[in-house]
Amino acid sequence: AQQADSNALLSGLLSKPDTLYGPLGLDATFRGDVANAVDSLAGRVDIGVENGRLVGVSLLRSVFDRFGGLGNLALDLGRAFGGRDLQRFYGDEFQLFTGTLDLAGGVARTDDLRLVYRGYTVTLRGSLGLADLALDMAGDLTIGPELDAELARELKLSDDYQPRERVLPLASVRGTLGAPQVRLADGAAGRLAA
C-alpha cells in the first residue's frame, strides 16, 4: 500500500484511533484469523509514514523531563519569550517513521524503528504489543546540530560554541505508543551537559 491512511489502519485493525496520522507506505506479508487478528497475526511488515503525527508524543520532551533541573531549564526556555525558537522542537509532528516489524503472538518485534523529528532522531529496538500498543524498547535519541545550536543559544553559551550531533542512550522506553515512558541510560545527562 502507498499513501494509505495510517489512522484508519490502526483504527480498523487494532481499534486504536487517533494515535498515528500521516500517509502510510506498507509492504507486508502476514497471515492470521480475521476474527482474532491481533493475537493470530504473524508475518513481516515494513512501514513508513512521512510528515505525520504521533498524537501528543514528543520524545524530546520526555527525555528533557528526565534530566531534572537541566531538562526543566530547557523546557522552561522553550516556553519563555526568548525560547520561542526552541519550542518548535517539542511538537508531536515527525518527518519520518520507518521500521520493519516481525509479528507473532500479538507482539511486533523490531530492530530498526526510526522516528525523525525536527532537530532529532530516535532509533528503537524491542517489542510493541498489538492489543495495547505497550512498548518494551531501548535505543538512542540523537540531537542534531540545529537543535544543539538552539540549546546553546538559549543557554547563553559562548559565541564560539560549535554545534554537533549528540547521541543520548535510552535505557528503556516503556508505557504505550501514545504515552511512552523514557528511562535514560547512566551518564546521558552528562553527555548533554558536556
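The text that follows walks through the structure, step by step, so that each part is easy to find. (Residues numbered from 1 in each chain as written. Predicted model: local features only at pLDDT ≥ 70, side-chain atom pairs only at ≥ 80, totals over all residues. Heavy atoms only, no water.)

1. With respect to the pattern of salt bridges
Evaluation of the coordinates by the stated rule reveals five salt bridges. Linking arginine 166 and aspartate 148 is a salt bridge whose minimum nitrogen-to-oxygen distance equals 2.7 Å. Pair noted here: arginine 166 is in strand E9 (residues 166-176) and aspartate 148 is in helix H6 (residues 145-154), with a separation of 18 residues, a long-range link. Residue arginine 166 is classed as buried on the basis of its relative accessible area of 5%. (Salt bridge = Lys/Arg side-chain N within 4 Å of Asp/Glu carboxyl O. Helix = DSSP H or I, 4+ residues; strand = E, 2+ residues; numbered from the N terminus. Buried < 20%, exposed > 50% of the residue type's maximum accessible area, 1.4 Å probe, protein only.)

2. Comments concerning the pairing of E9
Alignment of strand E8 (residues 135-143) against E9, held across six bridges, turns out to be antiparallel. The residue bridging leucine 141 from the neighbouring strand is leucine 168, located in E9. By the bridge criterion, six bridges tie E9 to strand E10 (residues 179-184) in an arrangement that is antiparallel. Directly across from glycine 175, in E10, lies its bridge partner proline 180. Following E9, the chain reverses through two residues before pairing antiparallel with E10. (Pairing = 2+ DSSP bridges.)

3. Description of unusual backbone geometry
In this structure, asparagine 51 takes a positive phi of about 50° despite not being glycine. Relative to the helices and strands, asparagine 51 resides in strand E4 (residues 42-54). When its relative accessible area of 61% is taken as the criterion, asparagine 51 is described as exposed. Of note in this structure, leucine 133 is not a glycine but carries a positive phi near 55°. Looking at the element boundaries, leucine 133 is found in the loop between strand E7 (120-129) and E8. Using a relative accessible area of 4% as the deciding quantity, one classes leucine 133 as buried.

4. A short note on a negative patch on the surface
Among the surface-exposed residues, Asp27, Asp46, Asp111 and Asp112 lie close enough to one another that they form a single negatively charged patch. You can call aspartate 112 partly exposed: its relative accessible area is 37%. (Patch = residues over 30% accessible without salt bridge, like charges linked within 9 Å, V, L, I, M, F, W, Y side chains within 5 Å. Areas by Shrake-Rupley, 256 points an atom, 1.4 Å probe, with all protein chains shown as cover. Lys, Arg positive; Asp, Glu negative; His and termini not counted. Charge placed at Lys NZ, Arg CZ, Asp CG, Glu CD.)

5. Here we look at the pairing of strand E5 (residues 93-104)
As defined by bridge partners, E4 adjoins E5 across ten bridges and the pair is classed as antiparallel. Bridged to glycine 52 within E5 is phenylalanine 94. Relative to strand E6 (residues 107-117), E5 is paired through seven bridges, and the arrangement is antiparallel. Along E6, the bridge assignment pairs leucine 103 with alanine 108.

6. Some words on empty space enclosed by the protein
In this structure the tally under the stated criterion is one cavity of 30 Å³ or more. The computed volume of the largest cavity comes to approximately 100 Å³. Forming the walls of the largest cavity are Leu54, Val57, Leu59, Leu113, Leu115, Leu124, Leu135, Met137, Val173, Thr176, Leu177 and Pro180. Mapped onto the lining of the largest cavity, the elements with two or more residues apiece are E6, E8 and E9. (1 Å grid on protein atoms, 1.4 Å probe; cavity = no way out; pocket = protein on both sides within 12 Å on 5 of 7 lines; lining within 4 Å. Points joined across faces, edges and corners; volume = space filled by probe spheres on them.)

7. Description of H6
For H6, the buried fraction is high: seven of the ten residues fall into the buried class. The complete set of buried residues in H6 reads Leu147, Asp148, Ala149, Glu150, Leu151, Ala152 and Glu154. Phi for lysine 156, located one or two positions after H6, is positive at around 60°.

8. Quick notes on the nonpolar core
Core analysis: the largest hydrophobic core is formed by 42 residues, its most contacted members being Leu54, Phe97, Leu141 and Leu170. With near-sequence residues (within four places) excluded, leucine 170 lies in contact with Val63, Val122, Leu124, Ala138, Gly139, Asp140, Leu141, Val182, Arg183, Leu184 and Ala185. (Core = buried A, V, L, I, M, F, W, Y, C linked by side-chain atoms within 4.5 Å. Contact = heavy atoms within 4.5 Å.)

9. Considering the environment of arginine 61
Looking at where arginine 61 falls in the secondary structure, it is placed in helix H3 (residues 59-65). In sequence terms arginine 61 and aspartate 92 are 31 residues apart; their C-alpha atoms lie 9.8 Å from each other.

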